[in-house]
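These are the residues of each chain, in order.
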Amino acid sequence: MDDKEIKEIAAINKITFAQRMREYKRKPLSLVMFILVVLAAALSVLALVFLIVYILVMGVPNLTPDLFAWEYNSDNVSCMPAIINTVVITLLTLVIAVPFGIGAAIYLSEYAKRGNKLVKVIRTMAETLSGIPSIVYGLFGMLCFVTAFSWGYSILAGAFTLAIMVLPTIMRTTEEALIAVPDSYREGSFGLGAGKLRTVVKTVLPSAMPGILAGVILAIGRIVGETAALIYTAGSTTGLVDGVMDSGRTLAIHMYMLANEGLHTNQAWGTAVVLLVLVLGINTLSSFIAKKLSSKK
Amino acid sequence: MDKFTIKNMNLYYGKFHALKDVNLSMQENKITAFIGPSGCGKSTLLKSLNRMNDLVEGCKITGDIRLDNEDIYGNMDVNILRKRVGMVFQKANPFPMSVYDNIAYGPRTHGIRKKSELDEIVESSLRDAAIWDELKDRLKKSALGLSGGQQQRLCIARALAVKPEVLLMDEATSALDPISTGKIEELCLKLKDQYTIIMVTHNMQQALRIADYTAFFLLGEMIEYDKTDQIFSNPKEKKTEEYITGRFG
Amino acid sequence: MQGVFFLTAITSIAAVALICIFLFYNGVPAIAEIGFFDFVGGQQWAPTNQPPSYGIFCMIVGSIYVTAGAIIIGVPIGILTAVFLARFCPAPLYKIIKPATELLAGIPSIVYGFFGLMVVVPFIRDTFGGNGSSLLAASVVLGIMILPTIIGVSESAIRAVPEPYYEGSLALGATRERSVFRVMLPASKSGILAGVVLGIGRAIGETMAVILIAGNQVQIPTSLTEGVRTLTANIVLEMGYSTGLHRQALIATGVVLFVFILLITLSMQAIKSRSEKNG
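Residues numbered from 1 in each chain as written. Chains lettered and ligands numbered in written order. Predicted model: local features only at pLDDT ≥ 70, side-chain atom pairs only at ≥ 80, totals over all residues. Heavy atoms only, no water.

Take the overall build of chain A next. Along chain A, the regular secondary structure elements total eleven helices and zero strands. Taken from N to C terminus, the helices and strands of chain A fall in the order α-α-α-α-α-α-α-α-α-α-α. The C-alpha radius of gyration of chain A comes to 25 Å, more than 25% above the 19 Å expected for a compact globule of 297 residues. Here the contacts in chain A between residues at least 6 apart in sequence split such that 72% fall between residues at least 24 apart. (Helix = DSSP H or I, 4+ residues; strand = E, 2+ residues; numbered from the N terminus. Rg over C-alpha atoms; globule rule 2.2 N^0.38 Å. Contact = heavy atoms within 4.5 Å.)

Below is the structure:
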């Protein structure tokens with residue numbers, strides 16, 4: 001039998017609209033619940049669509065060349081320096097957080113013994129970290145890096161603060177990616193006489209790479225969108241940073257400053273578009289890689 | 001009297017032709033057993049009788065299935081059909097709530113709210129399922145704490161609580177130990193005075209012990225349907241004979 | 001090499017310890033100096049007065065009100081959306097709606113805040129009066145912000161409920177809706193509760209969105225359209241120019257917030273381990 005014939009079968013067990021309505025007539029409460037469920041879902045989606053479309057409509061006309069001028073001044077409120085600062089702070093954060101995150105994940109998935117008490121503590125702590133709000137990170141960064149280490153408001157202080165903040169994300173996604181690597185790969189490598197380290201570095205890590213990458217990109221999304229953790233660590237100085245010990249605002253901080261001052265509404269809309277597109281683009285890229293990965297398996 | 005009649009019924013799962021031109025009538029207040037090797041379509045047929053196959057994606061049925069001469073795929077409300085035709089599943093599936101709430105779930109669904117009435121139904125259903133004495137002191141305890149056999153009898157009680165006319169049993173004893181199985185078989189024999197029972201079983205001995213009629217299925221076709229002793233002592237079809245004598249399956 | 005990996009692994013322990021030490025070391029002396037009850041229970045926050053007063057009771061109430069508002073708005077919509085995604089959504093539609101809810105999670109809070117400031121606040125001002133920056137505005141925007149958390153966690157909780165429960169309910173003649181709401185949802189309640197608790201954590205810690213739309217007046221609001229200041233807003237608003245005890249009092253505000261969050265995390269882990277046991 002081919003597809004066409006199957007399609008043409010006049011099945012008697014198809015639930016028709018009339019049947020469903022008859023059902024609901026007897027049980028009106030079910031209809032009410034169904035409508036509520038559909039409405040709620042519609043509302044969730046509409047909230048998103050409305051938010052994004054509204055920002056695009058208000059912001060896109062304001063994406064003028066002035067907004068992307070190399071030099072910031074209080075007339076053009078260019079977001080270009082802030083974008084570059086964001087890139088710098090992102091790179092710096094990753095340089096700090098990625099080795100620690102991946103190292104920790106390798107320890108948890110490859111070296112730690114099952115049921116190890118310490119592993120439990122590490123996981124609990126990572127979970128605790130991921131529940132701490134960014135303003136608390138900001139306070140900590142200010143007290144520790146800015147004040148105690150006397151780095152002052154600086155990109156470096158901001159990057160260290162963010163590094164601790166995104167550490168649990170990188171740890172978790174990397175660990176998941178490592179666990180997903182089949183044991184046969186490890187056994188194969190051991191069978192060829194490779195040691196533990198060689199197996200991990202040459203066999204396990206490369207096959208977990210896409211998963212790790214998805215996690216790192218997710219972390220980038222968080223860094224780019226972060227405000228509260230940076231405002232009292234990296235500071236909100238305008239203009240391009242002059243090195244890691246210099247203070248500088250990222251795009252999200254820039255956005256906050258514009259919104260708070262309320263003087264440059266049009267430019268604020270434009271900046272909102274840039275920020276929104278950037279973060280959503282990064283997140284979409286991350287989930288795209290993650291999905292690619294899971295469909296390959 | 002015929003309770004269920006199935007005429008020219010075909011069932012497809014996507015491209016797979018799972019039931020081929022089945023014609024069958026089942027008698028009121030009798031136990032009818034469907035037997036046959038795994039994948040022969042007997043469970044599928046059973047689930048078509050209370051429209052549980054509607055949940056399966058790509059499942060298509062043609063033909064005519066009637067309960068008391070009423071088309072169950074036509075104008076009958078599916079929820080009323082399922083109230084009239086109760087089902088006990090292969091694996092006991094009590095809800096994660098108390099014993100009492102499990103039994104009361106069905107009656108509440110059909111609009112019974114009065115505590116005294118519910119109490120009465122809970123007791124009579126548990127008595128009918130021969131499990132009242134074991135459970136009367138733990139009505140408020142979670143049903144998940146019961147043993148496998150108790151859970152399955154609880155599920156039978158739950159099905160009886162909505163006062164069905166037909167009880168479908170989908171290999172209801174296959175996950176149970178012999179003692180629990182014996183209790184449930186005994187129960188079936190007792191229940192058939194009030195209910196029509198249609199059961200799917202892997203266990204030919206079980207069919208022989210309790211079923212009045214037996215239908216033998218093979219590869220989606222109903223090979224033979226007759227009185228149980230007839231099927232087992234004097235099958236008309238060679239395939240039936242081969243199956244019951246254990247040459248395949 | 002194992003040692004190196006081990007060292008990286010205990011970073012998270014060190015980080016939590018460091019955060020605790022720095023916050024408590026800098027915040028607790030201030031609480032001691034102000035007096036615990038004057039600090040937590042005082043309704044007067046006037047750091048620049050002579051003599052100054054440092055009572056954060058209004059901010060604690062503000063944080064609780066705003067979080068409660070967000071929960072009242074976000075939880076019903078979130079759970080119902082999760083029900084839709086897990087039980088009623090046709091597959092082609094799922095491919096659109098699911099990523100959409102995930103996208104909602106990725107939008108930076110400052111963008112939510114700006115949107116709230118430009119759209120929600122004027123709307124409330126025009127509709128309900130007042131100046132718009134209010135408890136209501138913060139509740140609405142935070143309610144939307146916690147939606148993805150509630151939806152994501154609740155959906156997987158509902159999906160984790162064994163299918164035979166659903167079939168058992170249908171087989172008794174219950175409608176799909178009754179089966180979902182009377183059997184599937186109760187069976188997934190600890191998972192959903194975990195999602196709600198996570199949402200509470202998000203809402204209470206949210207800063208940048210709230211600061212732009214909540215009005216930030218130090219008061220206990222008597223109506224939804226009045227302004228409110230949260231613990232988080234208090235820190236950001238005044239940290240920039242504060243010195244001395246004022247600054248320490250702000251850090252102590254952070255300590256109170258941190259303790260709230262730790263309590264939430266703990267209850268979260270308690271829920272998790274309980275549901276695993278019952279599993």
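Bringing the overall build of chain B into the picture now. Counting secondary structure elements, chain B contains ten helices and ten strands. Taken against the 2.2 N^0.38 rule, which gives 18 Å for 249 residues, the C-alpha radius of gyration of chain B at 18 Å falls within 12% of a compact globule. When burial is assessed residue by residue, chain B has 57% of its 249 residues classed as buried. Taking the contacts inside chain B whose residues are at least 6 apart along the sequence as the reference set, 65% of them involve residues at least 24 apart. On chain B, roughly 10,400 Å² of surface is accessible, and the fraction owed to carbon and sulfur atoms is 48%. (Buried < 20%, exposed > 50% of the residue type's maximum accessible area, 1.4 Å probe, protein only. Areas by Shrake-Rupley, 256 points an atom, 1.4 Å probe, with all protein chains shown as cover.)

Counting residues at the interface gives 66 residues for chain C, matched by 75 residues for chain A. Between chain C and chain A we count one salt bridge in total. At the boundary of chain C and chain A, one finds eleven residue pairs in polar contact (both at pLDDT 80 or more). A class-by-class count of the residues in the side of chain C that touches chain A yields 46 nonpolar, 15 polar and five charged. (Salt bridge = Lys/Arg side-chain N within 4 Å of Asp/Glu carboxyl O. Polar contact = N/O pair within 3.5 Å; in protein donor to acceptor, adjacent residues only side chain to side chain. Nonpolar A, V, L, I, M, F, W, Y, C, P; charged D, E, K, R; others polar.)

Within the structure shown, the criterion is met by 30 salt bridges over all chains. Its salt-bridge partner being Asp212 of chain B, residue Lys192 of chain B comes within 3.1 Å of it at the nearest N-O pair. Note that Lys192 of chain B is positioned in the loop between α7 (178-191) and β8 (196-200) and Asp212 of chain B in the loop between α8 (204-210) and β9 (213-218), a separation of 20 residues in sequence. Measuring nitrogen to oxygen at the nearest pair gives 2.9 Å for the salt bridge that ties Arg87 of chain C to Glu163 of chain C. Pair noted here: Arg87 of chain C is in helix α4 (residues 57-88) and Glu163 of chain C is in helix α8 (residues 163-171), with a separation of 76 residues, a long-range link.

All names here are of chain B. Across its 14 residues, α7 extends 20 Å between first and last C-alpha, which sits within 8% of the 20 Å expected from 1.5 Å per residue. Those residues of α7 that fall on the buried side of the exposure criterion are Ser180, Thr181, Ile184, Glu185, Leu187, Cys188 and Leu191. Angular distribution of buried residues about the axis of α7 spans 160 degrees; they occupy a single face of the element. Away from the buried face of α7 by more than 90 degrees, exposed residues Pro178, Ile179 and Glu186 are located. (Expected span 1.5 Å × (residues − 1). Arc of directions from axis to C-beta.)

Let us look at the confidence of the model for chain A. Averaged over all residues, the pLDDT of chain A is 91; the fraction at 70 or higher stands at 96%. Looking at the elements of chain A, mean pLDDT is at its lowest for helix α1 (residues 3-8) of chain A, recorded as 68, and at its highest for helix α6 (residues 134-148) of chain A, recorded as 96. (pLDDT = per-residue confidence, 0-100.)

The next point concerns the packing of helix α3 (residues 99-109) of chain B against helix α4 (residues 115-128) of chain B. Describing two packed helices takes the angle between their axes plus the distance from one axis to the other. All names here are of chain B. It is at 9 Å that the axes of α3 and α4 come closest, and there the two elements cross at 110 degrees. The orientation of α3 relative to α4 falls into the category roughly perpendicular. Note on packing geometry: the crossing formed by α3 with α4 is right-handed. When α3 is examined against α4, the residues Val99, Tyr100, Ile103, Ala104, Pro107 and Arg108 are found in contact with a partner set consisting of Lys115, Leu118, Asp119, Ile121, Val122, Ser125 and Leu126. For the contact of α3 with α4, the residue count by class is nine nonpolar, one polar and three charged. (Axes fitted to C-alpha atoms, helices over the stretch in contact; angles between N-to-C directions. Parallel < 35°, antiparallel > 145°, perpendicular 65-115°, else oblique. Left-handed = near helix turned anticlockwise from the far one by under 90°.)

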